[in-house]
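# Commentary on secondary and tertiary structure
Here are the chains, one letter per residue:
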Amino acid sequence: MAFRRLMGRWPTGVSVVTTREGERDYGLTVNAFLSVSLTPPTILVSLGHEADSAEPLRRAGRFAVNVLAHDQRAVSERFARAVPPEEKFRGLPVHRGRSGLALLDGAIATLEATVAKAVEAGDHTLFLGTVDRLDLGADSTPLLFLRGQYAEASGPELLRLPKSRP
Ligand SMILES: Cc1cc2nc3c(=O)[nH]c(=O)nc-3n(C[C@H](O)[C@H](O)[C@H](O)COP(=O)(O)O)c2cc1C
């Protein structure tokens, strides 16, 4: 499809969005993630109606975004599979956020958010979340997604990373 192919030219990072309903963790790989507002800090994730995690997230009213590091491609693949949620988390090192949400070890950034609004848009639901807590996580480079494929930075010259600020 031309639209999908064209949008594949827009490079993104890769995240795993987690939520928790009762004692059950859910998670899926998401690249439709963006920051919306600074005051209050607000983020957005777009989940397809087909995603099994979408309704638990709506009911739980909270979610976490785990920004994956370049060496977490297998984690991305694991959370993009259509398997029961407990299988996605089996054997995976996680720690718990303040609200009990599963935060993935090794992620380069994690944000915990409370759903402020859910907006239906075609075959997706846009979940706007007010950020409750953030953590910079591991100091590493991100996993990238471009033209339907994973990409990794192979060095500062290729990615032209800005110098880190103190
Ligand atoms: C790189 C990548 C990015 C993805 N981004 C999204 C996304 O933004 N929104 C979405 O709903 N699904 C996205 N998916 C697909 C879901 O991860 C996949 O359908 C997953 O199996 C859904 O899990 P669930 O049904 O257990 O919720 C993406 C998959 C990959 C590999």
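Here the structure is shown first, and the text comes after it.
This section reports on the structure supplied with the text. (Residues numbered from 1 in each chain as written. Predicted model: local features only at pLDDT ≥ 70, side-chain atom pairs only at ≥ 80, totals over all residues. Heavy atoms only, no water.)

### Let's talk about the site of the ligand
Cut-off, in case you're wondering: If even one non-hydrogen atom of a residue comes within 4 Å of a molecule or strand, that residue is called near it. What qualifies as a polar contact is a pair of N or O atoms within 3.5 Å, subject to a donor-acceptor requirement within protein and to the restriction that residues adjacent in sequence count only when both atoms come from side chains. All accessible areas in this document rest on Shrake-Rupley with a 1.4 Å probe, and a residue is counted as covered only by the protein chains that are shown. Method remark: on a 1 Å grid restricted to protein atoms, a set of points is classed as a cavity if a 1.4 Å probe fits but cannot get out and as a pocket if it is open with protein on both sides within 12 Å along at least five of seven lines; lining residues have an atom within 4 Å of a point. Occupancy of a cavity or pocket is assigned to a molecule whenever over half of its atoms lie within 2 Å of that pocket's grid points. Runs of H or I in DSSP of at least four residues are treated as helices and runs of E of at least two as strands, each being numbered from the N terminus. Residues are grouped as follows: nonpolar covers Ala, Val, Leu, Ile, Met, Phe, Trp, Tyr, Cys and Pro; charged covers Asp, Glu, Lys and Arg; every other residue, Gly included, is treated as polar.
Around the ligand sit 18 residues in total, of which T29, G48, D52, S53 and K88 are the nearest. Here an oxygen atom of the ligand sits 2.4 Å away from a polar atom, N or O, in the side chain of S53. In the environment of the ligand, an oxygen atom lies 3.0 Å from a nitrogen or oxygen atom belonging to the backbone of A80. Considered on its own, the ligand offers 650 Å² of accessible surface; in the complex 79% of this is hidden by protein. Taking a 2 Å distance to the grid points as the criterion, the majority of the atoms of the ligand fall inside the largest pocket. Elements represented by at least two residues in the shell around the ligand include exactly strand 3 (24-30) and strand 5 (42-48). Taken together, the residues of the shell around the ligand sort by class into 10 nonpolar, 5 polar and 3 charged.

### A word on the layout of surface pockets
For the record, the criterion: Grid points are joined across faces, edges and corners, and a volume is the space filled by probe spheres set on the points.
Volume-wise, the largest pocket comes out at about 1600 Å³. Forming the boundary of the largest pocket are 43 residues, of which R4, N31, A32, H124 and F145 lie nearest the centre. Counting only elements with at least two residues in the lining of the largest pocket, the list comes to helix 1 (2-7), strand 3, strand 5, helix 3 (73-79), helix 4 (85-89) and strand 11 (143-146). Each residue belonging to the lining of the largest pocket can be placed in one class, and the counts come to 22 nonpolar, 12 polar and 9 charged.

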